[in-house]
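# Structure assessment
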Amino acid sequence: MTEWTPQLHLNKRFWVGCAVLLLGISFLIATALQSRDVRALARDGVPALALVIDSTERAPADNSGDSPTFHITYTFTANDQTITNERRVPDRFFQTHPIGTTWTLRVHPDDASLHDLYPGETKRNTWGFFAVSTFLIAIGAFFALSGGPLCAIRSRL
């Protein structure tokens, strides 16, 4: 190797990039596992009858002008256990499901805590996790390979 060849110097930026890259990869693995559960829910989901027992509209904590959030408390029975949850829901779902409303939701056959209040709910969340993990991987790769490390790798190829 000649003296003019760029040398690999691992600076703080490289190590921060590696840490963010590792975090993004771990998010990607968690997303893959969640996507497996979402596919099982869509394919083998067991119908269960749910009942709205409480509904609340919550104003933003400060006067920032944000729109209010809507939450419902519901209960259903699956796998011989009664489950009560509170979940944030879209405005339209909140308006069409007042207290006392019953509807059918889909429950994962092995884990009753994984269920869709409305079709496609968990699938949408999985795509969001995938987007975040891809963004973290891109930022980590940018920091790890920017500047000196990329030049040193190019010179060796």
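Everything below is about the structure shown above.
Positions within a chain are numbered from 1, following the residues in the order the chain's sequence is written. At least 70 in pLDDT is required for a residue's local features to be given in this predicted model, at least 80 for side-chain atom pairs to be given and counted, and no such filter applies to totals for whole chains, interfaces and linings, which use all residues. Excluded from the side-chain calculation are hydrogens and water; included are all heavy atoms of the structure.

## Here we look at the side chain of Thr 101
- Numbering of helices and strands runs from the N terminus, with a helix taken as a DSSP run of H or I at least four residues long and a strand as a DSSP run of E at least two residues long. Mapped onto the elements of the fold, Thr 101 is located in the loop between α2 (91–96) and β4 (102–107).
- Counting of polar contacts relies on pairs of N or O atoms within 3.5 Å, with two restrictions inside protein: one atom must be capable of donating a hydrogen and the other of accepting it, and residues adjacent in sequence are counted only when both atoms are side-chain atoms. Of note is the side chain of Thr 101, whose polar atom sits 2.7 Å from the backbone oxygen of Pro 98.
- Residue contacts are defined here by distance: any two heavy atoms, one from each residue, within 4.5 Å place the two residues in contact. Here Thr 101 is in contact with Ala 50, Leu 51, Val 52 and Thr 96, once residues within four sequence places are set aside.

## Some remarks on unusual backbone geometry
- Residues other than glycine seldom take positive phi values, yet Asn 79 does so here, at roughly 55 degrees.
- Within the element layout of this structure, Asn 79 appears in the loop between β2 (69–78) and β3 (81–89).
- Positive phi, normally seen in glycine, also occurs at Asp 80, with a value near 60 degrees.
- Following the sequence through the fold, Asp 80 ends up in the loop between β2 and β3.
- Accessible area is worked out with a 1.4 Å probe on protein chains only. A residue is then buried under 20% of its type maximum, exposed over 50%, and partly exposed in between. We classify Asp 80 as exposed; its relative accessible area is 82%.

## A look at helix α1 (residues 12–44)
- A helix is expected to reach a length of 1.5 Å times the quantity of its residues less one. Its 33 residues place the ends of α1 48 Å apart at the C-alpha level, agreeing with the 48 Å of an ideal helix rising 1.5 Å per residue.
- Residues Phe 14, Gly 17, Gly 24, Thr 31, Ser 35, Val 38, Ala 40 and Leu 41 constitute the buried set of α1.

## Description of the packing of aromatic side chains
- Between rings of Phe, Tyr and Trp, where Trp is taken as its six-membered ring, a pair exists when centres lie within 6.5 Å; planes separated by under 30 degrees are stacked, by over 60 edge-to-face, and by other angles tilted. All told, the structure shown has eight aromatic pairs when counted by the stated rule.
- Summarising the aromatic geometry, the rings of Phe 14 and Trp 15 are spaced 5.1 Å apart at their centres and angled 80 degrees between planes, so their arrangement reads as edge-to-face.
- Summarising the aromatic geometry, the rings of Tyr 74 and Phe 76 are spaced 6.2 Å apart at their centres and angled 10 degrees between planes, so their arrangement reads as stacked. Here Tyr 74 and Phe 76 have matching classes, each one buried.
- Site record: aromatic cluster; members linked through ring pairs are Tyr 74, Phe 76, Phe 93, Trp 103 and Tyr 118.

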